[in-house]
Amino acid sequence: MHRRKPELRLSRPTVSTKDQHHNWVPAKCLDLSKVISLFEDPLTASLKERHLFVLKKLLRRCQNGYLLRELTDMAKILNICAEKTRDHPEYVSVLCEALAICRLPFLKEKASDELTYAYNTKEFLSHMGCLMRISNAEVRHQICDSIKSVYTSVAPKQLLDGPQPTSPGYKLQLLEKSGLAQTMVLALVLLKNQPNVKLQVLQTLQILSSASDVNCDLILNAQGAETICLHMNEPDPSGQVLFRSSEILWNLLERGCKDEVTSQLSNMECIVALKEAFIHQLLNGLGHHDLQLRNDLLVITTLIAENPKCPLMESLFAKQLILYVTFPELKSHNPLVRNLKLSYNNEDFEMKKLLLNLVVFMSKDLSAVELFKEGQVMLALLTLVKPRSSSSKGQAGARHWSSAQQKELQLQALATLLTVAPLMLEDYMTCQGNTCLLLLLDWCTEQDVYFGQGNSLHDTSGRGSKKAQMRYCVRVLRSMASLGNETINQDLCDQGIINQLLGIVMQMERSPEEEDSITLEIKSDIQLILSALCESDMHRKELFGSEGVEMAVHFLRMSPEKFFSGLGHSKLILSTVDCVWSCIVGCYTTEDYFLAKEGAYLLLDLLHSSPKRTHNIILATLLELCDNPKTLSHILTWRDNNGHTAPMLLLQLWRKEEEELRVSRDAHGRITDPRKPTLSCYQEEESSSRVSFPANRPSPAVIDVLENLRSKIYSIFCKLGFLELPGLSPKDYVTLSIVKRYLDFKVGEVWEEIRRELALDDVRPVTPDEEALDTISRIAEDTARRVVEEQGSFLEQQEKADISEEKLMYTEIKSRWKQQELTAKSWDHYVSKTSDYKVLQEIKSQRERLMKSSTTRTEEGDARFHPSENYFGRVLAIKSTATHQNGGSLADMEVTLERVPIRGAALEDVSPSAQDPEYFSTVLRQVSGEVRMQPQSSFIDPVAMTMATVGMGVSFYSARQMAERVHLKQAAS
């Protein structure tokens, strides 16, 4: 016996019931470990009344919520009570009351209790879900209510005294981690005989799946999608099980893994369950909610149809769905649709669009195409495609789709045809699909009033417009024409589609409406249709004719600034170039008209201004066009805004292409390694991988020819020739020498790849073959070395020309400075004469002596020209005194000059020491057939002499410079 110490009662202030609903009872008053001992002790395990009394006392103490630190013990107590309910139903009420307290927030005594007891809380919630094993319906109801209260309860109020409730999101986070959603899915199997409880569980799962992605993953881990689908058609007095089940599946598709959901539902049992549910709602659903549920089931079926493993055909569900697709456009005596009536409301309209959309997904399975043929899906789609004016005849007084609904169904049918028609060519031709589409296209171009709503997914053109129908109609025609089926294409051409499409494009160009992305898309698709029709048929190219050339030239003149507008002008330009390639090139009549309209110039302009991604198709078109001899002159005469020629542009593109391919070149564009003159970095990477390529795969050298622009540029130069190309600089000649030998270099690369492949496969060629390979390799390398030498000669000539030009420039600069110096000296001399009288007298006497001496010398030489005074002016007359004996020369010319006095320094003289005989005081004489410079009397002023020589028509400076330039050009050539 042990003596117990009396417990001390602590005095504490009491709180009135007005301030707090219940007084807090200290935890020491009732120890949970003793309560557990009371249940588990063999001596007290059978005291049922004592147990119930203690439990009720415990629940009164916990009526504000369970403490976090006591949750582990409470879980044990609840499990013990659950075990005792099997033999003693009296524990059920206590257990339900204990579960009802779980709806309240848990209580914490410290701020750190939430983190400290997080694991205990998670385990408690997990144990609470495990109580669903109890067969009592009241307990299960209470568990569901406790779980739903976590998501529906408001934020807890803070208590005035004692422990405080946990934060609002605390229980939500731990509930997700406890796996409670997975437990609830497993509990569905136990509820076959309790429909009310089953409905409660479905409501709980609906809340859990709509609130958290984690809960959706937990439900899927427990095969929740399959379980719910299999149980949704069970008897249900309330009529809500199917609705709740579909909502859960929706939540799983939206918030969970879509592939996992469709995988779980893609079995025969689930497909049959969906089929039964859909047909039941289709035939028996009358209310608005029933129709919405029918459409929801159809959406789920559509998503399942995306899975290729879905047994939609095997379950015969697809055959029934196709029957509904063609209703009411086609009449049928099938009992499934005999009594089916549509009210043409919004729900029926949505179902019709969903059925058309389902056809697109089902078409991925080729076995469904046979069902489409049996169900006449093509005829139903073409019936919907027809304009309202033609399809609504005979429906007076009958209910039908409204105008807005008719337009949306028309667009939906066109979108479905885009996928289905290429798979059903025979049905398409049998139902005259080309005629139907061309009639629709003709209706779209009519100018009548149309009141379209423009509020569907496919209609983005706005109200009152047929642009959306034209857009999808052209799309379907493009899809059919691009198949290359000659029967379809010939039928289209026989019905005049080429002229019709050309007229539509030009009509759209003349329209005052502003261009948008849809208009540009329609134009691009029309050009692609024309390209597909005319590519391999000469007669169709002739039908394309001058009208088509005018259309192509019109779009080629488009401003290059529109490339980056974002509306789709770049696609339109590409489709235009493709149209030129397919519809114009190859027919000489259209080619000549295209060239007459400056088509080659426009292609070169486009090549010059367009981005790189368009260069490939433009160069290919130009190359094909070069087969016409008239094209070459157009290419050679083309100039851009800066005066650059077409060969210069092509060589510039070549250099940019090699820069992107990282071909080894030096700063001047010369070959740096003769062993790999045109090898790109990608070819080097492939060759360094030391992997043998299969026989059905082209080698890196062949791929390089196909993927970049160099082969096309080389081919164009082969047409133009490599000599006498206009406008090339020395740098261009360096590049041109590589272009000229491009084919030889590529042949060498191919043989080098063959040698490497043989080495990788451990194959040794025979001696003659090995010698041949060595010879080919040596020849390729020697060719590259000769090209390097040729490039060096080009650069050397350029360097010499630059040096000569530089010398000439310095000579001109020196002459100008010399002229400025002499002018300054002349001015100084003039100033000295006017400022000093003695100098003036001296100059005057010197001039008189010189005049006498010059007069005497002239008489002795029997000169024909006698200047009486020192005046120089322009030439008035020239008289020849030549005889038959002496011929004609400058000495036999009598020149009459205008007597105009020269002002300033022109009349003065410069001292003999300051004169330069090379530049000044010279006259022209004819001596031995050569013009040479002879000094004249020193009194002649240099400026006056220069003016005199200019007046006589001879300029020494210009003649000298001209002679030097001629000499430099001869040296450079």
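The structure displayed is predicted, hence computed values, not measured ones. (Residues numbered from 1 in each chain as written. Predicted model: local features only at pLDDT ≥ 70, side-chain atom pairs only at ≥ 80, totals over all residues. Heavy atoms only, no water.)

Visitor: Can you lay out the overall build of the protein chain for me, pointing to particular residues and giving the numbers?
Guide: Of the regular secondary structure elements, the protein chain holds 45 helices and six strands. In the protein chain, which comprises 973 residues, the share counted as buried stands at 44%. A sequence separation of at least 24 residues applies to 74% of the contacts in the protein chain between residues at least 6 apart. (Helix = DSSP H or I, 4+ residues; strand = E, 2+ residues; numbered from the N terminus. Buried < 20%, exposed > 50% of the residue type's maximum accessible area, 1.4 Å probe, protein only. Contact = heavy atoms within 4.5 Å.)

Visitor: Can you explain the side chain of E757? Please cite residues and give values.
Guide: With respect to the helices and strands, E757 occurs in helix 41 (residues 742-760). It is R756 that comes nearest to the buried, bridge-free E757 among opposite-charge side chains, at 5.7 Å. With residues up to four places along the chain from it excluded, the contact list for E757 reads V691, S692 and F693. (Lys, Arg positive; Asp, Glu negative; His and termini not counted. Salt bridge = Lys/Arg side-chain N within 4 Å of Asp/Glu carboxyl O.)

Visitor: So what's going on with helix 6 (residues 118-130)? Residues and values would help.
Guide: Since there are 3.6 residues in each turn of an α-helix, residues three or four apart along the chain are aligned in direction. Over its 13 residues, helix 6 extends 19 Å from the first C-alpha to the last, a length consistent with the 18 Å expected when each residue adds 1.5 Å. Listed as buried for helix 6 are T121, F124, L125, M128 and G129. Buried residues of helix 6, seen end-on, are gathered within an arc of 140° and therefore sit on one face of the element. As for helix 6, its buried residues are in contact with helix 3 (71-84), helix 4 (90-101), helix 7 (137-152), helix 8 (168-177) and helix 9 (180-187). (Expected span 1.5 Å × (residues − 1). Arc of directions from axis to C-beta.)

Visitor: Give me a positive patch on the surface: which residues, what numbers.
Guide: Taken together, the side chains of R50, K56, K57 and R60 make up a positively charged region of the molecular surface. Here R50 is to be found in helix 2 (residues 48-61). Accessibility expressed as a relative area gives 46% for R50, which makes it partly exposed. (Patch = residues over 30% accessible without salt bridge, like charges linked within 9 Å, V, L, I, M, F, W, Y side chains within 5 Å. Areas by Shrake-Rupley, 256 points an atom, 1.4 Å probe, with all protein chains shown as cover. Charge placed at Lys NZ, Arg CZ, Asp CG, Glu CD.)

Visitor: Account for the packing of helix 29 (residues 517-534) against helix 30 (residues 538-556), with residues named and values stated.
Guide: Relative orientation of the contacting elements helix 29 and helix 30 amounts to 150°, with a least axis distance of 12 Å. Between helix 29 and helix 30, the interaxial angle falls into the category roughly antiparallel. You can see that helix 29 and helix 30 cross each other, and the crossing is left-handed. Between helix 29 and helix 30, the contacting residues are K523, Q527, L530, L533 and C534 on the first element and R540, K541, F544, M551 and F555 on the second. Looking at the contact of helix 29 with helix 30, its residues break down into six nonpolar, one polar and three charged. (Axes fitted to C-alpha atoms, helices over the stretch in contact; angles between N-to-C directions. Parallel < 35°, antiparallel > 145°, perpendicular 65-115°, else oblique. Left-handed = near helix turned anticlockwise from the far one by under 90°. Nonpolar A, V, L, I, M, F, W, Y, C, P; charged D, E, K, R; others polar.)

Visitor: Explain the environment of L354 residue by residue, including any values.
Guide: As for its placement among the helices and strands, L354 is situated in helix 19 (residues 346-362). Along the chain, L354 and D296 lie 58 residues apart, while their C-alpha atoms are 9.8 Å from each other. Ignoring anything within four residues of it in the chain, the contact list for L354 reads N295, L298, V299 and T302.

Visitor: Which residues make up the environment of I248, and what values do they have?
Guide: Of note, I248 is situated in helix 13 (residues 241-255). Note: C-alpha distance between I248 and I219 (29 residues apart in sequence) is 9.9 Å. For I248, the contacting residues outside a window of four places in its chain are L202, L205, Q206, S209 and I228.

Visitor: Which residues make up the packing of aromatic side chains, and what are the values?
Guide: Remark: the centre distance and the inter-plane angle together describe each pair of aromatic rings, the angle taken between the planes. The final tally for this structure, using the stated rule, is 11 aromatic pairs. Ring geometry for F106 and F124: centres 5.7 Å apart, planes at 80°, overall edge-to-face. Linking F106 in the loop between helix 4 and strand 1 (107-108) with F124 in helix 6, this pair joins segments that are 18 residues apart in sequence. Between Y733 and F794, the aromatic rings sit 5.7 Å apart at their centres with planes inclined by 40°, giving tilted as the arrangement. Linking Y733 in helix 40 (residues 730-740) with F794 in helix 42 (residues 767-835), this pair joins segments that are 61 residues apart in sequence. Exposure remark for Y733: the relative accessible area of 32% places this residue in the partly exposed category. The class of F794 is partly exposed, set by a relative accessible area of 21%. A network of ring pairs unites the aromatic residues Y66, F106 and F124 as a single cluster. The positively charged end of K171 is found above the aromatic ring belonging to F106, 4.4 Å away from the centroid. Just above the ring of W443 sits the side chain of K466; from NZ or CZ to the centre is 4.4 Å. (Phe/Tyr/Trp six-rings, centres within 6.5 Å; stacked < 30°, edge-to-face > 60°. Lys NZ or Arg CZ within 6 Å of the ring centre and 35° of its normal.)

Visitor: Lay out the confidence of the model for the protein chain with the relevant residues and their values.
Guide: Of the residues in the protein chain, 81% reach a pLDDT of 70 or more, and the chain-wide mean stands at 82. Below a pLDDT of 50 lies the segment residues 1-29, which in the model reaches 18 contacts outside its immediate sequence neighbourhood of four places, other chains included. Low pLDDT, under 50, characterises residues 899-963; the predicted model gives this stretch 97 contacts beyond four residues in sequence or across chains. (pLDDT = per-residue confidence, 0-100.)

Visitor: I'd like a description of the pattern of salt bridges, backed by residues and values.
Guide: Summed over all chains, the structure comprises 41 salt bridges. Between D213 and R255 there is a salt bridge, and its shortest N-O distance comes to 2.9 Å. A residue pair is termed long-range when its members are at least 10 positions apart, and D213 in helix 11 (residues 213-221) and R255 in helix 13 qualify at 42 residues. The salt bridge involving E657 is made with K612; its shortest N-O contact spans 3.5 Å. Remark: K612 occurs in the loop between helix 33 (599-609) and helix 34 (615-625) and E657 occurs in helix 36 (residues 646-661); sequence separation between them is 45 residues. Residues joined by salt bridges that share partners form a network here, namely E658, R665, D704, R710, K746 and E749.

Visitor: For helix 30, give the residues involved together with the corresponding values.
Guide: Compared with the 27 Å implied by 1.5 Å per residue over 19 residues, the 23 Å span of helix 30 between its first and last C-alpha is markedly short. Residue G545 marks the point of greatest curvature in helix 30, where the axis turns by about 70°. Along helix 30, the residues classified as buried are R540, K541, F544, G545, G548, V549, M551, A552, V553, F555 and L556. For helix 30, the elements touching its buried residues are helix 27 (486-494), helix 28 (497-510), helix 29, helix 31 (569-584), helix 32 (588-596) and helix 33. With a side-chain oxygen positioned 3.0 Å from the backbone nitrogen of H539, the residue opening helix 30 is D537. (Bend = angle between axes of the 7 residues up to and from the residue. Polar contact = N/O pair within 3.5 Å; in protein donor to acceptor, adjacent residues only side chain to side chain.)

Visitor: Tell me about a negative patch on the surface, and name the residues and values.
Guide: Taken together, the side chains of E799, D802, E805 and E806 present a region of like negative charge at the surface. Here D802 shows up in helix 42.

Visitor: Outline the side chain of N251, supporting the account with residue identities and numerical values.
Guide: When you line up the elements, N251 lands in helix 13. Exposure remark for N251: the relative accessible area of 10% places this residue in the buried category. Dropping the residues within four chain positions of it, N251 is found in contact with Q206, S209, S210, C216 and G256.

Visitor: Before we move on, can you summarise unusual backbone geometry with the specific residues and values?
Guide: For the peptide bond that leads from F327 to P328, omega is 5°, which places it in the cis range. One can find P328 in the loop between helix 17 (317-325) and helix 18 (335-338). Unusually for a residue other than glycine, L316 sits at a positive phi of about 65°. Mapped onto the secondary structure, L316 falls in the loop between helix 16 (288-305) and helix 17.

Visitor: An account of a nonpolar patch on the surface is needed here, citing residue identities and associated values.
Guide: Taken together, V702, L706, L743, V747, V750, W751 and I754 make up a surface patch of nonpolar side chains, about 560 Å² in accessible area. Of all the secondary-structure elements, those providing two or more residues to the nonpolar patch are helix 38 (700-707) and helix 41. Tracing the backbone shows L706 in helix 38.

Visitor: An account of the environment of Q173 is requested, with residue identities and associated values reported.
Guide: On the secondary structure map, Q173 appears in helix 8. By relative accessible area, Q173 is classed as exposed at 52%. When the C-alpha atoms of Q173 and S212 are compared, they prove to be 9.8 Å apart, with 39 residues separating the residues in sequence.

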